Amino acid sequence: MAFTVYLEPSGHYFDIEPDETILDAALRHGHAFPYGCRSGGCGACLGQLLEGELNYDTNRPLPPTARNMPRGTTFFCQARAASDLIIEVKEIGAVKNLTVKTLPVLVQTKEQLADDVMRLYLKLPKDEHLRFLAGQYIDILMKDGRRRSFSIANMPRIDHLLELHIRHVEGGDFTGYIFDQLREKDVLRIEGPHGNFFLRENSTRPLLLVAGGTGFAPVKSILEHAFVEEMSQSMRLYWGVRGEADLYLDSLPQQWAQEHADFRYVPVLSEPSRRWRGARGYVHEAVIADLAARGEELSAFDVYVCGPPAMVRAAFAAFRERGLEEAHFYSDAFEFQAPKADG
Ligand SMILES: Cc1cc2nc3c(=O)[nH]c(=O)nc-3n(C[C@H](O)[C@H](O)[C@H](O)COP(=O)(O)OP(=O)(O)OC[C@H]3O[C@@H](n4cnc5c(N)ncnc54)[C@H](O)[C@@H]3O)c2cc1C
Ligand code: FES
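Residues numbered from 1 in each chain as written. Chains lettered and ligands numbered in written order. Predicted model: local features only at pLDDT ≥ 70, side-chain atom pairs only at ≥ 80, totals over all residues. Heavy atoms only, no water.

## Some words on unusual backbone geometry
Here is the rule: Labels follow the DSSP assignment, with helices taken as runs of H or I lasting at least four residues and strands as runs of E lasting at least two, numbered in each case from the N terminus. Exposure classes here rest on a 1.4 Å probe applied to the protein chains alone. A residue is buried below 20% of its type maximum, exposed above 50%, and partly exposed in between.
With an omega dihedral of 5°, the bond running from glutamate 8 to proline 9 counts as a cis peptide bond. Turning to its location among the elements, proline 9 is positioned in the loop between strand S1 (3–8) and strand S2 (13–16). Here the bond from glycine 192 into proline 193 is cis, since omega is 5°, no more than 30 degrees from zero. Locating proline 193 in the fold gives a position in strand S13 (residues 187–194). A positive phi angle, near 60°, is found at arginine 38, a position not held by glycine. In this structure, arginine 38 sits in the loop between helix H1 (22–28) and strand S3 (46–51). A relative accessible area of 16% means that arginine 38 is categorised as buried.

## Let's talk about the domain arrangement of the protein chain
Going by this rule: What counts as a domain boundary in this text is fixed by an automatic or database domain assignment. Only heavy atoms enter the contact rule, under which two residues are in contact if any of them lie within 4.5 Å. By buried area we mean the combined loss of accessible area, with a 1.4 Å probe, across both parts when two parts are placed together. Salt bridges are defined by distance alone: a side-chain nitrogen of Lys or Arg within 4 Å of a carboxyl oxygen of Asp or Glu. Pairs of N or O atoms within 3.5 Å make up the polar contacts considered here, provided that, within protein, one atom can donate a hydrogen while the other can accept it, and that residues adjacent in sequence are counted only when both atoms are side-chain atoms.
One can read the domain layout of the protein chain as domain 1 (3–91), domain 2 (95–194) and domain 3 (207–333). The straight-line distance from the C-alpha centre of domain 2 to that of domain 3 is 24 Å. The interface is formed by 20 residues belonging to domain 2 together with 16 residues belonging to domain 3. Across the domain 2 to domain 3 interface the summed buried area is about 1,400 Å²; carbon plus sulfur atoms make up 59%. The tally of links between domain 2 and domain 3 comes to 2 salt bridges. The residue arginine 157 makes a salt bridge to glutamate 229 at a minimum N-O spacing of 3.2 Å. At the junction of domain 2 and domain 3, the tally comes to 6 residue pairs in polar contact (both at pLDDT 80 or more). Those elements that place two or more of their residues in the side of domain 2 that touches domain 3 are strand S8 (101–114), strand S9 (117–123) and strand S12 (161–167). Per-element tally for the side of domain 2 that touches domain 3: the top contributor is S12, with 4 residues.

## Brief notes about the sheet that holds S3
Defined as follows: Here, any two strands with at least 2 DSSP bridges between them count as paired. Orientation is described by axes fitted as lines to C-alpha atoms, over the contacting stretch for helices, and by angles from 0 to 180 degrees between their N-to-C directions.
Strand order in the open sheet made by the 5 strands is S2-S1-S7-S3-S5, with mixed pairing throughout. The open sheet has two free edges, formed respectively by S2 and strand S5 (73–75), since each of these has just one partner strand. Shown here is a sheet whose adjacent strand axes are inclined to one another by a mean of 40°, direction ignored. Bridge count between S3 and strand S7 (residues 85–88): 3 bridges; the pairing is antiparallel. Paired with glutamate 51 across the two strands is isoleucine 86, which belongs to S7.

## Topic: helix H4 (residues 251–259)
Quick reminder of the rule: For this quantity, the arc is that covered by the directions from the helix axis to the C-beta atoms.
Here H4 has its buried residues at Leu252, Pro253 and Trp256. Down the axis of H4, the smallest arc covering the buried residues is 90°, so these residues share one side. Exposed side chains of H4 directed beyond 90 degrees from the buried face belong to Ser251 and Gln258.

## Topic: the site of ligand 1
The condition is simple: Only a single heavy atom is needed: when it lies within 4 Å of a molecule or strand, its residue is near that molecule or strand. Only the protein chains shown count as cover for residues, and all accessible areas are computed by the Shrake-Rupley method using a 1.4 Å probe. The classification used treats Ala, Val, Leu, Ile, Met, Phe, Trp, Tyr, Cys and Pro as nonpolar, Asp, Glu, Lys and Arg as charged, and all other residues, Gly among them, as polar.
Around ligand 1 sit 22 residues in total, of which Arg148, Ser149, Arg167, Phe174 and Thr175 are the nearest. For ligand 1, an oxygen atom lies 2.8 Å from a polar atom in the backbone of phenylalanine 174. Here ligand 1 loses 75% of its free accessible area of 1,000 Å² to cover by the protein chains. Elements with a contribution of two residues or more to the shell around ligand 1: strand S11 (147–151), S12, helix H2 (173–180) and strand S19 (329–333). In terms of residue class, the shell around ligand 1 is built from 9 nonpolar, 7 polar and 6 charged.

## Brief notes about the pairing of S7
Alternating residues of S7 divide into Leu85 and Ile87, all buried, and Ile86 and Glu88, none buried. One ladder, built from 4 bridges, connects S1 with S7; its direction is parallel. Paired with leucine 7 across the strands is isoleucine 87, a residue of S7.

Set out below in structure tokens:
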């Protein structure tokens, strides 16, 4: 039996089947819910249950971003309805008019950028386009029903070819397949665009972008878009990796820094060689040190952080402590998918 979910404060409502999550049902009906990983890891989908009964089978602790949220705080990507519901959620205007599509794509190019990073260019079928916002991601749909998320690295103006940067995960089923078996001209199935990590174009605050590893991918999309749209605020990128060889497209931000007077690039290595003369340590600590040295306040920036979950959480905690308001912190944590098939 289907139930109805009523949304506060918008007054919208939609039907939900007992076997689908609140988030899946909302997206199916075209509601622009906030979300990231869809596996209970990032906290982007958290909202309030005001009335009704849930089937809720996650025992994940609430992430630090939700520390001060009241009772009834719920991962909408994990909860199913057991009655009619009234919930509170902030719908996101900017993603409202985007259509989520499921499409076959042709692997046009497979290019190894580092020992553990592969770049793919995926070509959409003739006459198909994917409208997305700079920073969003797609899911690759595996044959057995599982899905794997990867951020789009190209800017939205290029909407017929998707660039992905894929890090090989030790023991990873899908990334292992990409490295060892996938060939150019193979066909994959994708679904997207997804996510609410995207450039807020109506803000004029300076941009501070922090990437960890292949978290560089959506940041590249954001910066290329900002440059081509001639956004006038200052921008800076801190890219944190282990060693020099992990800066797999280092020449690109170097080139941006030469071409754009208001752009600064700071690579940060946690395990540098003796020759390294640049910033070192954890990337979020390097950001704080750099701002202090320049006499700048974190609270002045729109901050975008993307990469491993531990890095995103550490950055959130440290930046909040130094006065950054939560409303100006945007993030995508590269969570693993839950092990069970999620359709
Ligand atoms: C929104 C989003 C965007 C992303 N974008 C990118 C991107 O642009 N580039 C990129 O490289 N990656 C990105 N990721 C991460 C990427 O989706 C994963 O690396 C990928 O799903 C791994 O798939 P796999 O099948 O190879 O690994 P899996 O087979 O799923 O797991 C790999 C290994 O990790 C272990 N593992 C599984 N779950 C966990 C866990 N919770 N904690 C610790 N270890 C675990 C497994 O036991 C296994 O050994 C993104 C993730 C999200 C959520
Ligand atoms: S925790 Fe629900 S989308 Fe990430």
